[in-house]
Amino acid sequence: MRITVTVDGTSYTDDVEPRTLLVHHLRERLGKVGTVVGCDTSNCGACTVHLDGHSVKSCSVLAVQADGSEVTTVEGLARDGQLHPVQQAFHDNHALQCGFCTPGMIMQSIDLLADNPDPDEHAVREGLEGNLCRCTGYQNIVKAVRDAAHHMRPGAGPEAERVADTGSRTASSVGGGGE
C-alpha cells in the first residue's frame, strides 16, 4: 500500500506492507533510529512519537494509519542546532542512565507539557505512567520535566515541532536500515 507521511518536516512516499508497524517503518525505511523498539506490546513507551501533535506508541500504530499525517520523532525536535527545551532539561538534570527509554520519555513529556504547562510532581508522574524506565527511579526525569516547564515559552508544545517542509523524498532515497 502506498503512503505519504511527513516525518520531522520532510514528506516521504513509500510502499508498505499493510501490517508494518509505524516504529518499523520509521527505523527500517526512513532511518529514524532514535525511535526505539522496546517491547512491541505498547507497555514500555520507548517508541513514543508524535502523530499529528499527540504522543502515540508507534509499536501500536500501523504505518498505513499514519498516511497523510505528520510524525515527529525525537530526532526532529532540535532547531537550528539547539536542543528542544525538554531535551536540554533531560541533559541538565541527568534524567537518563542507559538512555534506552529517553526518546519516548522526552516525546511523552512534551505532550504532557502541552496539556499541562506547569505540572506538579504528581501530575508529571501520572502523565508519564505509560513510559517505563528501568534505571533511574524517575526522580531526575520528574525534575527534568518540571525544569523544562519553567524554561518553555507558551506554545512550545506540538506547534513548535513543525518545521518548514524541506521537500519530498521517497523512503528509498533515504537509505533506510535501522540499527
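Residues numbered from 1 in each chain as written. Predicted model: local features only at pLDDT ≥ 70, side-chain atom pairs only at ≥ 80, totals over all residues. Heavy atoms only, no water.

**What to know about the layout of surface pockets**
Turning to step 1, where the next piece is worked out: Approximately 190 Å³ is the volume found for the largest pocket.
Turning to step 2, where the next piece is worked out: Surrounding the largest pocket, Gly 38, Cys 39, Cys 44, Ala 46, Cys 98, Phe 100, Cys 101, Leu 132, Cys 133, Arg 134 and Cys 135 form its lining.
Turning to step 3, where the next piece is worked out: Partitioned by chemical class, the residues of the lining of the largest pocket number nine nonpolar, one polar and one charged. (1 Å grid on protein atoms, 1.4 Å probe; cavity = no way out; pocket = protein on both sides within 12 Å on 5 of 7 lines; lining within 4 Å. Points joined across faces, edges and corners; volume = space filled by probe spheres on them. Nonpolar A, V, L, I, M, F, W, Y, C, P; charged D, E, K, R; others polar.)

**Here we look at the nonpolar core**
Turning to step 1, where the next piece is worked out: Judged by nonpolar contacts, the single largest core of 23 residues is most densely connected at Val 86, Phe 90, Met 105, Ile 106, Leu 113, Ile 141 and Val 145.
Turning to step 2, where the next piece is worked out: Residue contacts for Ile 106: discarding those within four places in its chain leaves Val 74, Leu 77, Val 86, Gln 87 and Phe 90.
Turning to step 3, where the next piece is worked out: Counting residues in hydrophobic clusters, the runner-up holds 15 residues, among them Val 5, Val 16, Val 49 and Val 64. (Core = buried A, V, L, I, M, F, W, Y, C linked by side-chain atoms within 4.5 Å. Buried < 20%, exposed > 50% of the residue type's maximum accessible area, 1.4 Å probe, protein only. Contact = heavy atoms within 4.5 Å.)

**Brief notes about the pairing of strand β1 (residues 2–7)**
Turning to step 1, where the next piece is worked out: Burial along β1 is one-sided: the residues Ile 3, Val 5 and Val 7 are buried and none of Arg 2, Thr 4 and Thr 6 is.
Turning to step 2, where the next piece is worked out: Between the end of β1 and the start of strand β2 (residues 10–15), which pair antiparallel, lie two residues, with Asp 8 showing a positive phi angle near 50°.
Turning to step 3, where the next piece is worked out: Relative to strand β5 (residues 70–72), β1 runs parallel, the two being bridged by two bridges. Looking at the pairing, Thr 6 lines up with Glu 70 of β5. (Helix = DSSP H or I, 4+ residues; strand = E, 2+ residues; numbered from the N terminus. Pairing = 2+ DSSP bridges.)

**A look at the packing of helix α3 (residues 102–115) against helix α5 (residues 139–151)**
Turning to step 1, where the next piece is worked out: In the contact formed by α3 and α5, the axes pass within 11 Å of each other and the chain directions differ by 45°. In terms of orientation, α3 and α5 fall into the oblique class. Judged by the sense of rotation from one axis to the other, the crossing of α3 with α5 is right-handed. On α5, the residues that touch Met 105, Ser 109, Leu 112 and Leu 113 of α3 are Ile 141, Val 145, Ala 148 and Ala 149.
Turning to step 2, where the next piece is worked out: Taken together, the residues of the contact of α3 with α5 break down into seven nonpolar, one polar and no charged. (Axes fitted to C-alpha atoms, helices over the stretch in contact; angles between N-to-C directions. Parallel < 35°, antiparallel > 145°, perpendicular 65-115°, else oblique. Left-handed = near helix turned anticlockwise from the far one by under 90°.)

**As for the pairing of strand β3 (residues 48–51)**
If a strand is regular, its side chains alternate between the two faces of the sheet.
Turning to step 1, where the next piece is worked out: Where burial is concerned, the two faces of β3 agree: the one with Thr 48 and His 50 and the one with Val 49 and Leu 51 are both buried.
Turning to step 2, where the next piece is worked out: As judged from the four bridges shared by β3 and strand β4 (residues 54–57), these two strands associate in the antiparallel manner. Counted as the bridge partner of Thr 48 is Lys 57 from β4.
Turning to step 3, where the next piece is worked out: Taking the residues between adjacent antiparallel strands as the criterion, β3 and β4 are bridged by two residues, where Asp 52 takes a positive phi near 50°.

Everything listed here is a matter of geometry and, on its own, says nothing about what the molecule does.
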